[in-house]
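Coordinate analysis (summary)
Residues per chain are reported as follows:
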Amino acid sequence: MAAVTSLGETSLTGPAKSPRGMQAGRRKRLNLFRYLVFSVFGLFFILPLLAMLRFSLEGNQLGTWSLAAWKEIVSYPGPPPLLSSVEITLELAVITSAVVLVLLVPTMIWIRLRVQWIGRAFEFLCLLPLTIPGIVLVVGLAPIYNFIRHYQLSALQLFWCYVILALPYAYRALSAGLGAIDVTTMSEAARSLGASWFTVMVRVVAPNMRQAILNAMLLSSALVLGEFTIAYLLLYNNTLQVNLYFISRATPNASVLFSTSFAALIFAFILLLILSYVGRRRRTRG
Amino acid sequence: MPFLGYVGVFLLLPTVIVLVHAFQNQSGGFSLSGLKVLGDSTVRGYFVGSAELAAVTSVGGAVLGAILAYAVASGNPEGVVRRLYLAGSGVLAQFGGVTLAFAFLATVGPSGLLLHASWFYNFPEGIGLIYLYFQIPLMVLVFMPAIDGLKVQWREACENLGGSAWQYWRHVGGPLLMPAFLGATLLLFANALSAFATIWAWENQIAYIVPQQIAIALSSEVGLANANEGAVLALGMVIMVVVVMTGYALLQRRAARWLR
Amino acid sequence: MSTLAAAAKKEGTLNVIAVPPTWANYGAIISGFTKKYGIKVNSANPTGTSQDEVNAVKQENGTAAAPDVLDIGQAFALPNASLLAPYEVSTWTDIPAAQKAANGLWYEDYGGYMSIGYSSKFGTITSMSQLLGSKFKNAVALNGNPTAANAALNGVMMANLVEGGTADNISKGVNFFHQLKQAGNFSPVSATGATIKAGTTPVVFNWDYLNLPSYVGVSNWKVFVPPNAILGGYYAQAINKNAPHPAAARLWEEFLYSQATSGGQNLWLAGGARPVEQAAMTSNSSINTADASKLPAVSGTPVFLTQAQNTAAANYLTANWAKAVG
């Protein structure tokens, strides 16, 4: 489950936390505490990741080394080929983010500007998917998908469900961004200059929400990259997580599992790190 | 308005279908007999197991996550450490599922770490430890704003009045953070309840929690698949999660008031 | 036969389901079939269960993607007979009577005996009771959940037979695993190629063709079939009554039951599974003796579960498994 709050936004709400107000002794104790905590937790989190990395470099016998697992990410034949499921999942991530944005951004701006009384109900609706676990959703979804003969549909059709799953996270990110800007004044100014509603949304409000939009996109993508339950129980085997699961069940010597998982993690981590720096630059400028 | 239509088909309709199937029997007629399975002691065991695992990992994750969040928050807000931990938390909170199971099997196997620790193979300790891997980061992400909201001035004021650190936490910091903390714990609880992929990939020889049993009910290989049982179990899960999330929403509102 | 081949080639495609390429050498079988007849094989849901196959037949009925042929546990062939079309392959008489339906709706294809695979770091295992010893802490795993997975249910049944139980009553088997759990030796971790290689599950109860070192992927893996507790499990072939490619489906069956050197039966043997026509092939010398000798040694008469025994075991497990090893 991805973050429910947006990243890089937290320092907005925090006051300056410089150590000016604290005494030296307490500062020292605090630092000791912090280093202790960081090392213990750091170890806990790093260890499995390192183990995964090390295992991905294993050769056929324990103790030998080989890059085969990493090369296999591209060459693993399947069926279905691993690379194709990586592709499909990435495409799904892009589609899901796009649809989520198209659905949410105009609606939320509209609500904030014109029909504010719906706001509460809308929020409830967006957060509803959090209360319905994926596994429950799929029990109810299976008949619907069967009804439209889903075996003939490509896995890309999963985006319909993924958008629902991503709603709560995207909503939180976007509403934090919307709350930080003065939408009413901006839109009134634009309207008085003769802009249409479409222009207001796309060219006036949205650019000021850039960080929130980026955030929402990233959270939706992270969700799609990690989603397993629905794809698995709807019997798709060519999204990334489900493919990895099947590889682990059906194949000996499956070091490719570890290299792929590790690569996916690093990829997401770098994206998030970049995002937090992008946000910071914007703040100091604006 | 197309938004409503979309949500209607893909969210509300499945829920309704779950409800309907829960009240059907194998041949499709209306029947309450499906609900009887909720009274079966094995099934009750699944719900208890789910609740147990969720409770352990949410409380554990909340406490540990709060400590970590405090450690991160009390540093430089623009610093590298904070960024690393936040980005890391964002990734790891999402890192559940199949890949997490792989990471742990890589840890346990070759190094033998934990292989001989019997507690690791008990429920809920073992899988609980694995769950903590994404519960703690989630806690950090959710709880951090609350800690950031603790103004330095309050701490200074307390000290100026002669209060010690313990008194600060007991009378000022603690009560202020409590609604946010409890709310975050509930969120972690709901998160653990819904988790499926991790335990499905990690251990499959015995069903401990409801999601596992739902998956089995949908696709059993020994001929005992029963979609209606799956629906009944799903209904039970929804009720559990709804209760928890309502509590969360109420606490969130309370916390927001305090932080203003 | 040649008219069948021509008709099948005109159809050009075959839909199979739940056929993992590394399972009993299915990969070679699929490519062998395609190479011989030029018919493309669409393999859906490679690690699906028998239930998934039946579901697919029902749900995709009438579409072009519906499975043409099924490879399912026997427990699924019987109750779903209405979905199947009868067919008798040319080597029909070489299939033992007990392993096919008299009306031709289903016919067993390959199988194996339940075995215990283990890492050679434990030395050599000669009896199942050794698994209760202290050096097997957290080491023993089944292949799945016995209340849901066929291989796991048979694993418990084999333990049952070793402990003196009968095929009608699986309670002694469940009790054995209860003892394993109490000794701290039962591992709930799912046993996969990855966990075996990593050493997380060094002892696995599984069909012998899934416990081959070559399948498992580690060379220091040994296999043991307990004497006098030989539990056989065979899978069955069947043709979808509404198969989108009926000729290709029947040609596929002919290929699978062909006793040629590169026919299905010998290819399965190469994968470590026991082909159903093994007895007949040994008499008429069409069997690949080199591969046949690699099969684990067994002593005693094999036991095969009937439908009723299977159901009884499943019901007992549903009621008692969680309590025994939870």
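See the structure shown above.
Here the focus is the side chain of B:Thr57. All names here are of chain B. Topologically, Thr57 is positioned in helix H3 (residues 41-73). For Thr57, a relative accessible area of 1% translates into the label buried. The contact partners of Thr57, leaving out residues within four places of it in the chain, are Ala62, Gly128, Tyr131, Leu132, Gln135, Leu188 and Ala192.

Residue pairs three or four apart in sequence face the same way in an α-helix, which turns once every 3.6 residues. Of all 10 residues that make up helix H3 (residues 50-59) of chain C, eight are buried, and the element is covered over most of its length. Taken together, the buried positions of H3(C) are occupied by C:Ser50, C:Gln51, C:Asp52, C:Glu53, C:Val54, C:Asn55, C:Ala56 and C:Val57.

Moving on to helix H6 (residues 125-148) of chain B. Residue and element names in this part refer to chain B. An ideal rise of 1.5 Å per residue puts 34 Å on 24 residues; H6 measures up with 32 Å between its terminal C-alpha atoms. Along H6, the sharpest kink reaches roughly 35°, centred on Leu132. Burial analysis of H6 places 22 of its 24 residues in the buried class, which makes it a mostly covered element.

What follows is about the interface of chain C and chain B. If you look at the interface, chain C gives 39 residues, while chain B gives 29 residues. Summed over both sides, the interface of chain C with chain B buries roughly 2800 Å², with 56% coming from carbon and sulfur. Counting across the interface, chain C meets chain B through zero salt bridges. Across the chain C-chain B interface, the total number found is three residue pairs in polar contact (both at pLDDT 80 or more). Where the side of chain C that touches chain B is concerned, the elements lending two or more residues are H3, strand E6 (140-142), helix H5 (150-162), helix H7 (193-198) and helix H13 (307-325) of chain C. For the side of chain C that touches chain B, the element with the most residues is H13(C), which contributes eight residues. The residue inventory of the side of chain C that touches chain B, partitioned by class, reads 18 nonpolar, 17 polar and four charged.

Thresholds, definitions, all that
- Residues numbered from 1 in each chain as written.
- Chains lettered and ligands numbered in written order.
- Predicted model: local features only at pLDDT ≥ 70, side-chain atom pairs only at ≥ 80, totals over all residues.
- Heavy atoms only, no water.
- Helix = DSSP H or I, 4+ residues; strand = E, 2+ residues; numbered from the N terminus.
- Buried < 20%, exposed > 50% of the residue type's maximum accessible area, 1.4 Å probe, protein only.
- Contact = heavy atoms within 4.5 Å.
- Expected span 1.5 Å × (residues − 1).
- Bend = angle between axes of the 7 residues up to and from the residue.
- Buried area = accessible area lost by both parts, 1.4 Å probe.
- Salt bridge = Lys/Arg side-chain N within 4 Å of Asp/Glu carboxyl O.
- Polar contact = N/O pair within 3.5 Å; in protein donor to acceptor, adjacent residues only side chain to side chain.
- Nonpolar A, V, L, I, M, F, W, Y, C, P; charged D, E, K, R; others polar.

The values reported here are purely geometric and, on their own, carry no functional implication.
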